[in-house]
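# A structural walkthrough
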Amino acid sequence: MASRIALQLSGVERSYGQGETTLQILKGVDFTLRSGEIVALVAPSGTGKSTLLHVAGLLEHPDAGEIRIAGEPCNGLSDERRTAIRRAEIGFVYQFHHLLPEFSAIENIMMPQLISGLSKAEARERSKALLDYMRIGHRAEHRPAELSGGEQQRVAIARAVANAPMVLLADEPTGNLDPETAHYVFEALEALVRQSGLAALIATHNMELAGRMDRRVTISGGKVVDL
Ligand SMILES: Nc1ncnc2c1ncn2[C@@H]1O[C@H](COP(=O)(O)OP(=O)(O)OP(=O)(O)O)[C@@H](O)[C@H]1O
């Protein structure tokens, strides 16, 4: 049986005003991401990878077109509802970890769960399981500055999936790591996707990692096309 559609973009357009002119970045993007698949987004700098991730993740509004998360059309929803969907169904990972420096690894992962209303005990238990899963259980009480780059990114990934979202959107998650560490972090991410049935769209310039994903897409002429 085909897996469930987690994210669907239809006819999505997005442009930015630049002085007198308009820079049209996305010109009718159609794209479908299914639960349990990892898709690489590989495109030259400036073609709109971050824009696509922000629009897909409900951080920015498209100028036209439709975004559905877990089947729910997100156009025309109130900002409150969009935020609620984003918190529940979307996890973000960036090139730089953006962990809160004054909190430990486990506290960083607990945070989004506490915001969602989980008890402290439940949040701690799930965070510990995620840390173990990412093979950094022994670093739970360390603050970000005391962790290596690869460990920091694994904590950031654990935090992104802490609320069991349907979709993981990652913008160069290994871009700041050496090749060996990048490989190791991707391995942990891949295991997590396989185990949880998450759907992941990962922007990367790393062709070796892209080659290991289920499929590869690029942005060409403002549209998403298969590579
Ligand atoms: N808020 C904004 N206002 C104006 N222009 C913007 C804005 N955000 C992005 N752009 C422009 O839109 C284009 C696409 O940007 P985007 O960040 O999506 O590219 P990218 O493919 O992610 O690039 P990179 O690989 O360098 O991160 C760029 O030319 C950028 O300058």
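These numbers come from a predicted model, not from an experiment.

What counts and what doesn't
- Just so you know, the residues in each chain are numbered from 1, in the order the chain's sequence is written.
- Selection of residues for local features in this predicted model requires a pLDDT of at least 70, selection of side-chain atom pairs for listing and counting requires 80 or more, and totals for whole chains, interfaces and linings are taken over all residues.
- Side-chain figures throughout are based on the complete set of non-hydrogen atoms in the structure, without hydrogens or water.
- A run of H or I in DSSP counts as a helix once it spans at least four residues, and a run of E counts as a strand once it spans at least two, with each numbered from the N terminus.
- Only the C-alpha atoms count toward the radius of gyration. The rule for a globule is 2.2 Å times the residue count to the power 0.38.
- Here's how the labels work: a residue is buried when its accessible area is under 20% of the maximum for its type, exposed when over 50%, partly exposed in between, all with a 1.4 Å probe on protein chains only.
- Whether two residues touch is decided by their heavy atoms; if any such pair falls within 4.5 Å, the residues are in contact.
- Per-residue and other accessible areas follow the Shrake-Rupley method at a 1.4 Å probe size, with only the shown protein chains counted as cover for residues.
- Residues are classed as near a molecule or strand on a simple rule: at least one heavy atom within 4 Å of it.
- Definition of a polar contact: a pair of N or O atoms within 3.5 Å, with one able to donate and the other able to accept a hydrogen when the atoms are protein atoms, and with sequence-neighbouring residues admitted only if both atoms are side-chain atoms.
- If DSSP finds at least two bridges between two strands, the strands pair.
- Between N-to-C directions, angles cover 0 to 180 degrees, with each direction set by a line fitted to C-alpha atoms, over the stretch in contact for helices.
- UniProt positions are given in the numbering used here, feature names are shortened, and annotations may be inferred rather than shown by experiment.

### Details of the overall build of the protein
A tally of regular secondary structure across the protein gives 7 helices and 10 strands. For a compact globule of 227 residues, the expected C-alpha radius of gyration is about 17 Å, and the protein comes in at 17 Å, within 12% of that figure. Across the 227 residues in the protein, those meeting the buried criterion constitute 46%. A sequence separation of at least 24 residues applies to 71% of the contacts in the protein between residues at least 6 apart. When the accessible surface of the protein is summed, it comes to about 10,600 Å², and 51% of that surface belongs to carbon and sulfur atoms.

### Considering the site of the ligand
The full set of residues close to the ligand is Y16, L23, I25, P44, S45, G46, T47, G48, K49, S50, T51 and H205. Backbone polar atom of T47 to an oxygen atom of the ligand: 3.3 Å apart, as the coordinates give it. Its free accessible area being 630 Å², the ligand has 60% of it covered by the protein chains. Counting only elements with at least two residues in the shell around the ligand, the list comes to β2 (21–34) and α1 (49–56). Top contributing element to the shell around the ligand by residue count: α1, with 3 residues.

### Things to note about the sheet that holds strand β6 (residues 90–93)
Each strand in a sheet pairs with another by means of backbone hydrogen bonds, the pair being arranged parallel or else antiparallel. Reading across the sheet, the 6 strands line up as β6-β7-β8-β3-β9-β10 and stay open at both edges, with mixed pairing between neighbours. The two strands at the open ends of the sheet, each matched to only one other strand, are β6 and β10 (223–226). Taken pair by pair, the neighbouring strands of this sheet meet at an average axis angle of 25 degrees, ignoring direction. Examined bridge by bridge, strand β3 (residues 38–41) and strand β9 (residues 215–220) share 3 bridges and lie parallel to one another. Looking at β9, one finds that A40 is bridged to R216.

### Thoughts on unusual backbone geometry
One non-glycine residue with positive phi stands out, namely L58, at about 65 degrees. Mapped onto the elements of the fold, L58 is located in the loop between α1 and β4 (64–69). Even without a glycine there, the phi angle at E172 is positive, about 55 degrees. If you trace the backbone, E172 turns up in the loop between β7 (167–171) and α6 (179–196). With relative accessibility at 13%, the residue E172 sits in the buried group.

### Observations regarding the UniProt feature "domain: ABC transporter" (unreviewed entry) in the protein
Those residues carrying the UniProt feature "domain: ABC transporter" (unreviewed entry) are residues 7–227 in this numbering. A helix fraction of 36% and a strand fraction of 28% characterise residues 7–227, whose end C-alpha atoms lie 19 Å from each other.

### Quick look at helix α3 (residues 105–115)
Every buried residue of α3 is accounted for by A105, I106, N108, I109, M110, P112 and Q113. Of the surrounding secondary structure, the elements contacted by the buried residues of α3 are α4 (120–133) and α5 (149–160). Positive backbone phi, approximately 100 degrees, marks G117, located one or two places after α3.

### Concerning the pairing of β10
In this sheet, β10 lies alongside β9 in antiparallel orientation, the contact comprising 4 bridges. Along β10, the bridge assignment pairs S220 with K223. Between β9 and β10, which pair antiparallel and follow one another directly, the connecting turn spans 2 residues, one of which, G221, has a positive phi of 60 degrees.

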